[in-house]
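# Survey of secondary and tertiary structure
Given next are the chains, with one letter for each unit.
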Amino acid sequence: MTRKLAGFGFAFAMAELAAVCLPPLAVLPTAAFVVLILLFCALRKHSSWPAAAPVLAGVMSGLFWAFWFGMLVVEPQLRLAGQTVTARAVVMTDAEASYQDGSLRGTLHLVQMNGRDCNIKVNCSAFPAAEPGDRFEATFTLQAISSDRYRQSHYADGVYLEAEYTGGYAPLEPSGSWIFGLYRLRQRLSRALCVWMPAELGGIEAAMLLGDKSRLTQTVEDAFRAAGVSHLLAISGLHLSLLCGILAAGGRKWRFFRPYLAVQALMTVFYMALTGFPVSVLRAGIIYLIALLGYALLQPPDLLNSLGLAAVLISLPNAWAPCDIGFQLSFCGVLGVQLSGRLGEWQRQRLLPEGEDDARTWRYRVMERALRILEAVETAAVASLATLPVLMVHGLSASGAAIPANLLTVWMLRPALILGLLVLVAAALPWLGPLHHLLSLALSVWLSWQYALVRWCTDLPGARLYLPRRYALLIWCILAGLGLVFWAKRRMLWYIPAAVTCLGLAIVLGVTMQAGVLRVLMVGTAGNACTVLIRDGQAVVLFRGGAANLNAVWECLAENGAPAWTAVIDLRQEKQTLDFSEASMVVELSRLQGQSCTVCLADGITADCYGSSDGTLCVVQVDAFRLAAAAGQPDLPAPVYVDLLCAAGSLPDCVSADIIMVNTVSPRWLEKAETVVFGGEEPAAAIRPGKSIVLEEGKAVAVQ
């Protein structure tokens with residue numbers, strides 16, 4: 001194995017990921033199974049020892065470090081849960097507006113607790129408004145972070161506790177840390193960059209060049225995500241390599257070659273610090289610094305070895321770092337690009353003649369240009385496939401327009417970055433004011449073209465795909481397994497038709513299995529969620545709550561293939577005016593006033609609606625199944641029996657259900673329930689025609 005460091009680094013990160021994600025009782029059997037497989041391969045064929053030894057060492061080292069990190073760092077902080085402390089806190093740079101007026105939410109760095117110095121980061125959902133870097137003293141109640149889908153993300157950031165602000169606010173002198181100095185510098189540069197640009201386009205440039213996403217609108221983020229090019233808005237190795245390529249000059253025989261490499265290294269570190277050390281920039285920066293060191297020592301850099309070393313260096317300070325979605329997307333994307341590069345080399349060796357005379361013919365030139373186009377398509381496709389499992393595991397949506405969107409827009413990133421740098425230079429020199437205006441105009445025009453292409457890609461058929469998570473992961477694993485088999489048999493030429501055939505059968509089978517299946521999703525505010533029903537490209541929403549829930553519904557529909565919004569059943573009694581114009585039909589139950597009605601919501605879906613002064617109720621009939629959602633306590637003359645109740649903050653007395661689903665794990669009425677309660681942050685169920693109700697997401701929180 002020529003890339004021993006790559007094998008060690010990837011095994012180290014994967015072992016840490018398994019150690020912190022798997023249940024404690026499953027870690028040791030899983031590790032033992034992997035070690036036995038490695039030992040078996042090595043003993044069966046002695047020549048495989050050089051390959052197995054670094055991987056085995058990485059697995060053991062990763063498990064060892066994850067265990068001791070948990071014992072020495074995480075557990076001492078978790079023991080503070082349940083205590084009320086007086087602490088001095090520093091507001092970190094991720095602070096944003098909270099749900100309470102005049103307050104913020106985000107990360108606080110506790111530097112002193114009950115008069116003793118400490119170094120603890122906590123997540124606080126509401127604390128008095130302040131600027132990043134401001135310090136204050138207050139009383140907090142510490143709790144362990146809730147076991148939801150954001151828990152691993154908090155742990156990856158080094159945050160293991162939640163803090164509830166309880167009062168005693170006293171402002172202190174602001175922090176003089178260099179972190180906040182660079183943050184304020186980034187904000188000033190962002191303002192200078194956007195001063196003569198439209199707000200929407202200025203936010204795009206600030207995100208791409210400076211990593212400042214505070215100016216991005218939700219519309220822009222949704223468009224880039226739907227097109228599959230959201231990585232353009234997050235500074236990554238692509239951005240860093242393009243910027244560093246601007247500085248590249250001179251050869252190894254140049255007199256000031258090594259001093260210039262040192263200047264590039266310093267500027268790279270400064271840029272990493274300026275953007276706040278996000279994991280994608282950290283990974284790319286480490287790889288680039290390793291490459292610079294290799295150039296200085298006249299040694300060729302190796303991307304996979306550098307990537308393995310970067311994985312170790314990022315994972316050492318925090319054993320939970322591999323849980324971060326940015327870490328996973330960044331490393332998987334680079335591996336996908338590397339794999340596509342190897343595929344391109346193989347294609348060139350097989351399809352292009354090697355003789356000098358052949359290289360001058362028109363056939364050679366045509367074939368070379370065709371291979372370049374094919375390699376560009378393959379790079380976008382393989383990188384998208386490499387990141388697909390990460391998106392599926394984290395519950396994110398994939399884009400069917402990712403390949404054309406990347407081909408059309410990625411090449412426009414370099415000019416946008418160069419123009420952005422020129423705008424900042426012109427903004428720093430007052431006598432270049434006219435040039436500042438001209439460059440801002442040119443950058444705005446360029447970004448408007450790029451954004452127009454992104455929006456065009458979002459309208460392509462299949463841009464918003466719904467991929468069943470477990471099924472998509474199964475198919476991905478089958479395709480990956482086939483690839484390993486064909487690679488081991490040295491028959492990769494036959495892999496493409498085999499993979500296409502397998503993928504085609506999987507799509508046909510998946511469409512057939514999903515036909516007629518009604519998916520029931522609960523999204524929105526905890527304890528007062530909306531119920532979204534999706535079947536065969538049609539969506540029905542049983543609506544509760546306010547504007548936040550409406551935004552959650554829009555996100556849910558976008559992540560589930562953007563089905564046609566056929567109907568809204570408005571369960572609210574006291575309500576604010578919201579825009580339901582996208583729905584074909586809106587039924588307001590508050591107007592029934594003690595009456596009932598039956599409406600057809602979609603093909604094969606009807607609803608019985610009840611309204612009274614005390615509450616509203618909607619009972620949906622789907623084939624032989626009945627599901628209900630209510631608001632308040634509707635007054636009905638007789639009880640209603642349903643198969644599934646999508647409950648809110650109160651449990652209606654007039655409804656009897658076999659299964660109750662709620663988007664929290666601790667509803668106030670839990671002791672009152674007399675049946676199975678199925679809860680979670682975003683619980684989901686599937687009703688299969690003529691069969692049964694399958695609970696897909698969430699967990700049973702009570703069985704009476």
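Refer to the structure above for everything that follows.
The rules behind the values
- Residues numbered from 1 in each chain as written.
- Predicted model: local features only at pLDDT ≥ 70, side-chain atom pairs only at ≥ 80, totals over all residues.
- Heavy atoms only, no water.
- Helix = DSSP H or I, 4+ residues; strand = E, 2+ residues; numbered from the N terminus.
- Rg over C-alpha atoms; globule rule 2.2 N^0.38 Å.
- Buried < 20%, exposed > 50% of the residue type's maximum accessible area, 1.4 Å probe, protein only.
- Contact = heavy atoms within 4.5 Å.
- Lys, Arg positive; Asp, Glu negative; His and termini not counted.
- Charge placed at Lys NZ, Arg CZ, Asp CG, Glu CD.
- Phe/Tyr/Trp six-rings, centres within 6.5 Å; stacked < 30°, edge-to-face > 60°.
- Lys NZ or Arg CZ within 6 Å of the ring centre and 35° of its normal.
- Salt bridge = Lys/Arg side-chain N within 4 Å of Asp/Glu carboxyl O.
- Expected span 1.5 Å × (residues − 1).
- Arc of directions from axis to C-beta.
- Core = buried A, V, L, I, M, F, W, Y, C linked by side-chain atoms within 4.5 Å.
- Pairing = 2+ DSSP bridges.

## Details of the overall build of the protein chain
Secondary structure summary: the protein chain contains 20 helices and 19 strands in total. Against the globule reference of 27 Å for 704 residues, the protein chain gives a C-alpha radius of gyration of 28 Å, in line with a compact fold. Oriented by its inertia axes, the alpha-carbon framework of the protein chain measures out at about 90 × 65 × 60 Å. When each of the 704 residues of the protein chain is scored for burial, the buried share is 44%. Sequence-distant contacts in the protein chain: of pairs separated by 6 or more residues, those separated by 24 or more amount to 58%. Computed over 52 positive and 52 negative side-chain charges, the inter-centroid distance for the protein chain is 12 Å.

## So, the packing of aromatic side chains
Within the structure shown, the criterion is met by 16 aromatic pairs. Between Trp-65 and Phe-69, the ring centres sit 6.1 Å apart and the planes meet at 55°, which makes this aromatic pair tilted. On the criterion of helical spacing, the pair formed by Trp-65 and Phe-69 is a turn pair, its members being four residues apart in helix H3 (residues 49-78). A relative accessible area of 6% means that Phe-69 is categorised as buried. The interplanar angle of 90° and the centroid separation of 5.7 Å between the aromatic rings of Trp-411 and Trp-446 together place this pair among those described as edge-to-face. A residue pair is termed long-range when its members are at least 10 positions apart, and Trp-411 in the loop between helix H15 (402-409) and helix H16 (413-428) and Trp-446 in helix H17 (residues 433-458) qualify at 35 residues. The exposure class of Trp-446 is buried, given its relative accessible area of 17%. Each residue in the set Phe-127, Phe-136, Phe-140, Tyr-165 and Tyr-169 is aromatic and connected to the rest through ring pairs, giving one cluster. The ring of Tyr-451 has Arg-455 sitting right over it, with the charged end atom 4.5 Å from the ring centre.

## A closer look at the pattern of salt bridges
Applying the stated rule across the entire model yields five salt bridges. The closest approach of N and O atoms between Arg-225 and Asp-222, which form a salt bridge, is 2.9 Å. Of this pair, Arg-225 and Asp-222 are both found in helix H7 (residues 218-227), three residues apart, which corresponds to roughly one turn of the helix. For Arg-225, a relative accessible area of 38% gives the class partly exposed. Across the salt bridge formed by Arg-572 and Asp-570, the nearest N and O atoms sit 2.9 Å from each other. Summarising the burial analysis for this pair, Arg-572 and Asp-570 share the class buried.

## Points about helix H18 (residues 469-488)
An ideal rise of 1.5 Å per residue puts 28 Å on 20 residues; H18 measures up with 29 Å between its terminal C-alpha atoms. Those residues of H18 that sit buried are Ala-472, Ile-475, Leu-479, Gly-483 and Phe-486. One side of H18 carries all its buried residues, which in axial view fall inside an arc of 80°. Those residues of H18 that are exposed and angled more than 90 degrees off the buried face are Arg-470, Leu-484 and Ala-488. Looking at the buried positions of H18, the neighbouring elements they touch are helix H14 (362-393) and helix H19 (495-514). Where H18 terminates, the next one or two residues include Arg-490, which has phi positive at roughly 55°.

## A look at the nonpolar core
By size, the foremost hydrophobic cluster in this structure holds 51 residues, and its most contacted members are Leu-193, Ile-204, Met-208, Phe-224, Leu-233, Leu-443 and Leu-447. Those elements that place two or more of their residues in this core are helix H5 (178-194), helix H6 (199-210), H7, helix H8 (237-247), helix H9 (257-274), helix H10 (279-296), H16 and H17. If near-sequence neighbours (up to four positions away) are discounted, Leu-443 is found in contact with Leu-193, Met-197, Glu-205, Ala-416, Leu-419, Gly-420 and Val-423. Core analysis: the next-biggest nonpolar cluster, separate from the first, contains 34 residues, Ala-567, Phe-625, Leu-627 and Ala-629 among them.

## Here we look at the environment of Gly-336
Summarising the element assignment, Gly-336 is placed in helix H12 (residues 325-351). In the structure, Gly-336 is positioned 42 residues away from Glu-378 in sequence and 9.7 Å away in space, judged by C-alpha atoms. If sequence neighbours within four positions are ignored, Gly-336 has contacts with Val-382, Ala-383 and Ala-386.

## Concerning unusual backbone geometry
The backbone of Asn-114 shows a phi angle near 55°, a positive value even though the residue is not glycine. By secondary structure assignment, the location of Asn-114 is in the loop between strand S3 (103-113) and strand S4 (116-128). Phi at Asp-536 is positive, roughly 50°, even though this residue is not glycine. Within the secondary structure, Asp-536 sits in the loop between strand S8 (530-535) and strand S9 (538-543).

## Notes on the pairing of S3
Among the eleven residues in S3, nine count as buried, and that is most of the element. In this structure, strand S1 (residues 84-91) lies alongside S3, joined through five bridges in antiparallel fashion. Bridging across to S3, Val-90 finds its partner in His-109. Of the pairings in the sheet, the one linking strand S2 (residues 96-97) to S3 comprises two bridges and is antiparallel in character. In the strand pairing of S3, Glu-96 is matched with Arg-105. In the sheet, S3 pairs with S4 via nine bridges, with the strands oriented antiparallel. The residue bridging Leu-110 from the neighbouring strand is Ile-120, located in S4. Counting the residues that bridge the hairpin from S3 to S4 gives two residues, and of these Asn-114 lies at a positive phi of roughly 55°.

## Section: the pairing of strand S6 (residues 159-172)
Side chains on a regular strand alternate between the two faces of the sheet. Here S4 runs beside S6; their pairing, made up of three bridges, is parallel. When the sheet's bridge partners are listed, Asn-123 is paired in S6 with Glu-162. Bridge count between strand S5 (residues 135-144) and S6: nine bridges; the pairing is antiparallel. Residue pairing in the sheet places Phe-140 in a bridge with Tyr-165 of S6.

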